[in-house]
Amino acid sequence: MDIRDRLKRTIKAKNYSFREVAERAGWSPQNIFIKLNRVSPNFDTVVSIISAIGMQIKIEKDKDQTAEEKDINGIIKTLKGKQISYDVVEQLVNTLGYQLILYDENPDIRRIANER
């Protein structure tokens, strides 16, 4: 399941309409349709959508990797505003032995958002 599908499922699970998410992100309804149907949304788009529905992106150590302990959450701040695809960021973080987590306090929503 790609990030677009995960975002769509998460928006529905949190009981938001796409129009509401667009308004909260400062976009038109047409714009969110385009963003959720592109081949690979950029990282900023994913961050904006996740923020609009009250979630955040976290970086956690991958359970299957032996990653060096360090604070790599600065990557998210560094990439903000850059035109880089979410998939590339995810691959980069995975290469370092970490994973991107679409985080919500509700474990059921978190599971839906991160189901692959």
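Everything below is about the structure shown above.
Residues numbered from 1 in each chain as written. Predicted model: local features only at pLDDT ≥ 70, side-chain atom pairs only at ≥ 80, totals over all residues. Heavy atoms only, no water.

Peer 1: Looking at this model, I keep getting lost on the overall build of the chain. Mind explaining?
Peer 2: For the chain, the helix and strand inventory stands at seven helices and two strands. N-terminal to C-terminal, the α/β element order of the chain is α-α-α-α-β-α-α-β-α. Computed over C-alpha atoms, the radius of gyration of the chain comes to 14 Å, within 12% of the 13 Å expected from 2.2 N^0.38 for 116 residues, which places it in the range of a compact globule. By principal-axis analysis of the C-alpha atoms, the chain measures approximately 40 × 30 × 20 Å. (Helix = DSSP H or I, 4+ residues; strand = E, 2+ residues; numbered from the N terminus. Rg over C-alpha atoms; globule rule 2.2 N^0.38 Å.)

Peer 1: Looking at this structure, I do not really get the side chain of Gln99. What am I missing?
Peer 2: Inspection of the secondary structure puts Gln99 in strand S2 (residues 98-103). Sequence-distant contacts of Gln99, that is, excluding residues within four places in its chain, are made with Lys58, Ile59, Glu60, Lys61, Asp62, Lys63, Val93 and Asn94. (Contact = heavy atoms within 4.5 Å.)

Peer 1: Just checking my understanding: could you explain the environment of Ser28 for this structure?
Peer 2: Looking at the element boundaries, Ser28 is found in the loop between helix H2 (18-25) and helix H3 (29-37). Looking at Ser28, the relative accessible area reads 31%, which means it is partly exposed. Ser28 sits 61 residues away from Val89 along the chain, and the two C-alpha atoms are 26 Å apart. (Buried < 20%, exposed > 50% of the residue type's maximum accessible area, 1.4 Å probe, protein only.)

Peer 1: Mind showing me how you'd approach the pattern of salt bridges here?
Peer 2: Oppositely charged side chains are able to pair whenever their charged atoms sit close together. In the structure shown here, the tally under the stated rule is six salt bridges. We note a salt bridge from Arg4 to Asp2, for which the minimum N-O separation is 2.5 Å. Using a relative accessible area of 25% as the deciding quantity, one classes Asp2 as partly exposed. Across the pair Glu115 and Arg111 runs a salt bridge, and its minimum N-O distance is 3.8 Å. By relative accessible area, Arg111 is classed as partly exposed at 46%. Each of the salt bridges in this network shares a partner with another, and the network as a whole consists of Arg6, Glu90 and Arg116. (Salt bridge = Lys/Arg side-chain N within 4 Å of Asp/Glu carboxyl O.)

Peer 1: Just checking my understanding: could you explain the pairing of S2 for this structure?
Peer 2: Residues in a regular strand project their side chains so that they alternate between the two faces of the sheet. Most of S2 sits inside the fold, with six of its six residues counted as buried. Taking every second residue as pointing to the same face, both faces of S2 are buried, with Tyr98, Leu100 and Leu102 on one and Gln99, Ile101 and Tyr103 on the other.

Peer 1: Quick question: what am I supposed to make of the packing of aromatic side chains here?
Peer 2: Aromatic ring pairs are described here by two measures, namely the spacing of the ring centres and the angle between the planes. Taken as a whole and judged by the stated rule, the model has one aromatic pair. Relative to Tyr86, the ring of Phe43 has its centre 6.1 Å away and its plane inclined at 15°; by these criteria the two rings are stacked. Note that Phe43 is positioned in helix H4 (residues 43-52) and Tyr86 in helix H6 (residues 86-95), a separation of 43 residues in sequence. Relative accessible area serves as the criterion here: at 0%, Tyr86 is assigned to the buried category. One cation-aromatic arrangement involves Lys35 over Trp27; the distance from NZ or CZ to the ring centre is 4.8 Å. It is Lys58 that lies over the ring of Tyr103; its NZ or CZ is 4.0 Å from the centre. (Phe/Tyr/Trp six-rings, centres within 6.5 Å; stacked < 30°, edge-to-face > 60°. Lys NZ or Arg CZ within 6 Å of the ring centre and 35° of its normal.)

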